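Okay, here's what each chain looks like letter by letter:
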Amino acid sequence: MSTEAHLELGPSSLTDALYESIRKRIVNGEIPQGEKLTEVRLATEYNVARPTAKAALERLTALGLLRRTAHKTAVVPVLDEAEIRDLFFSRITIEKAAVSALAATGQVPADAARAQVAIEYAARDRLFENQVEADITFHTALVAAVGSRRLTRMHELIIGEVHLSMGQYKAHRKVDPSTVAAEHAAVLEAIAAGDPAAAADHLVHHLEQAEGRLLSTLPQTKS
């Protein structure tokens, strides 16, 4: 990219705007797996100071959207089959506990309900990027609503990689988006009904389906 053509940021705090711009480029695949991101590159592309670029890189690394190599260069990670299976094992463990706890109270989190509406609109209009964003918001809202700081922190450790896998592998495009919307709705209905076992079962089914679609997109290695 020419140093004369700078990418533009929104009106929010400069670091926040830079972080959000890079995050979207990573999860949408514009910055592909394995690509390196340096302070110099970002400072040049966005016409910002290096400390601002450094702060954004640190946030993205903490979220799991970047990893630091031995030489401390930030790289967009490549998630292999073993990592994806481990990611979903962790995700199911955390989110199953969350929906079970919510169903015990029978209260559907308002943020999750709003995200479900966004998912249904995105499914109707086949806006896949919107669907992914709303999907992440939905699951994050479920965990946050439990009110456990530790459970939320554990979820925050993996949700960046979840978003990365959804955006870069685009496995959600392999299924009718209304199917995914229905799977989310079933989880909320079980929570509202005060049925922890059903809520957990619907959540696990939904995530196992997502994991299967994601694994099916990986390059097949020859034995």
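Quick note: structure is the one above.
The text that follows walks through the structure, step by step, so that each part is easy to find. As the structure is a computational prediction, the values presented were derived from the model and not from experiment. (Residues numbered from 1 in each chain as written. Predicted model: local features only at pLDDT ≥ 70, side-chain atom pairs only at ≥ 80, totals over all residues. Heavy atoms only, no water.)

Turning to the nonpolar core, a few remarks are in order. The biggest cluster of nonpolar side chains holds 60 residues, and the ones touching the most others in it are Ile-22, Ile-26, Leu-37, Leu-66, Ile-84, Leu-142 and Ile-191. Considering each element in turn, this core owes the most residues, 9 residues, to helix H4 (residues 81–105). Setting aside residues no more than four positions away along its own chain, Ile-22 makes contact with Ile-31, Leu-37, Leu-42, Tyr-46, Ala-56 and Leu-60. (Core = buried A, V, L, I, M, F, W, Y, C linked by side-chain atoms within 4.5 Å. Buried < 20%, exposed > 50% of the residue type's maximum accessible area, 1.4 Å probe, protein only. Helix = DSSP H or I, 4+ residues; strand = E, 2+ residues; numbered from the N terminus. Contact = heavy atoms within 4.5 Å.)

This part is about the pattern of salt bridges. In the structure shown here, the tally under the stated rule is 14 salt bridges. Residue Arg-23 is joined to Glu-133 by a salt bridge in which the shortest nitrogen-to-oxygen separation is 3.4 Å. Of this pair, Arg-23 sits in helix H1 (residues 14–27) while Glu-133 sits in helix H6 (residues 128–145), and the two are 110 residues apart along the sequence. When its relative accessible area of 8% is taken as the criterion, Arg-23 is described as buried. The partly exposed category is assigned to Glu-133, whose relative accessible area is 28%. Of the charged contacts, one joins Asp-111 and Arg-114 as a salt bridge, the two residues approaching to 2.3 Å between their closest N and O atoms. Taken together, the residues span about one helical turn, with Asp-111 and Arg-114 both in helix H5 (residues 110–125) at a distance of 3 residues. When salt bridges that share partners are traced, they join Arg-25, Glu-30, Glu-35, Arg-41 and Glu-45 into one network. (Salt bridge = Lys/Arg side-chain N within 4 Å of Asp/Glu carboxyl O.)

With that settled, consider the side chain of His-163. Positionally, His-163 belongs in helix H7 (residues 149–169). His-163 has contacts with Arg-23, Val-27, Val-132, Glu-133 and Ile-136, leaving out every residue within four places of it along the chain.

Close contact between H6 and helix H8 (residues 177–192) brings their axes to 12 Å; oriented N to C, the two are set at 15°. Accordingly, the angle class assigned to the pair H6 and H8 is roughly parallel. Pair H6 / H8 crosses with left-handed handedness. Residue-level contacts link Gln-131, Asp-135, Phe-138, His-139 and Leu-142 of H6 to Pro-177, Val-180, His-184, Val-187, Leu-188 and Ile-191 of H8. Considered class by class, the residues forming the contact of H6 with H8 number 7 nonpolar, 3 polar and 1 charged. (Axes fitted to C-alpha atoms, helices over the stretch in contact; angles between N-to-C directions. Parallel < 35°, antiparallel > 145°, perpendicular 65-115°, else oblique. Left-handed = near helix turned anticlockwise from the far one by under 90°. Nonpolar A, V, L, I, M, F, W, Y, C, P; charged D, E, K, R; others polar.)

Okay, the packing of aromatic side chains next. Aromatic ring pairs are described here by two measures, namely the spacing of the ring centres and the angle between the planes. Applying the stated rule across the entire model yields 0 aromatic pairs. For the cation-ring pair, Arg-59 lies above Tyr-19, with the distance from its terminal atom to the ring centre recorded as 3.9 Å. (Phe/Tyr/Trp six-rings, centres within 6.5 Å; stacked < 30°, edge-to-face > 60°. Lys NZ or Arg CZ within 6 Å of the ring centre and 35° of its normal.)

A few words on the sheet that holds strand E1 (residues 36–37). The sheet built from 3 strands is open, its strands ordered E1-E3-E2 with antiparallel pairing. Two strands bound the open sheet, and with one partner strand each, they are E1 and strand E2 (67–68). In terms of strand pairing, E2 meets strand E3 (residues 74–75) through 2 bridges, oriented antiparallel. Within E3, the residue paired with Arg-67 across the bridge is Val-75. (Pairing = 2+ DSSP bridges.)

Examined against the element boundaries, Arg-126 turns out to sit in the loop between H5 and H6. Its relative accessible area of 47% is what places Arg-126 among the partly exposed residues. Each C-alpha atom, one on Arg-126 and one on Asp-176, is 9.0 Å from the other, the two residues being 50 residues apart in sequence. Residues within four places of Arg-126 in sequence aside, it is in contact with Asp-176 and Pro-177.

Another point: helix H3 (residues 50–63). In this model H3 runs 20 Å from its N-terminal to its C-terminal C-alpha over 14 residues, within 8% of the 20 Å that 1.5 Å per residue would give. Every buried residue of H3 is listed here: Thr-52, Ala-53, Ala-56, Leu-57, Leu-60 and Leu-63. Each buried residue of H3 lies within a common arc of 135° when the element is viewed along its axis, so the set occupies one face. Of the exposed residues in H3, the ones pointing more than 90 degrees away from its buried face are Pro-51 and Ala-62. Looking at the packing, one finds that the buried side of H3 touches H1, E1, helix H2 (39–46), E2, E3 and H7. A positive phi of about 95° marks Gly-64, the residue just after H3. (Expected span 1.5 Å × (residues − 1). Arc of directions from axis to C-beta.)

Shape descriptors only; they carry no functional weight alone.
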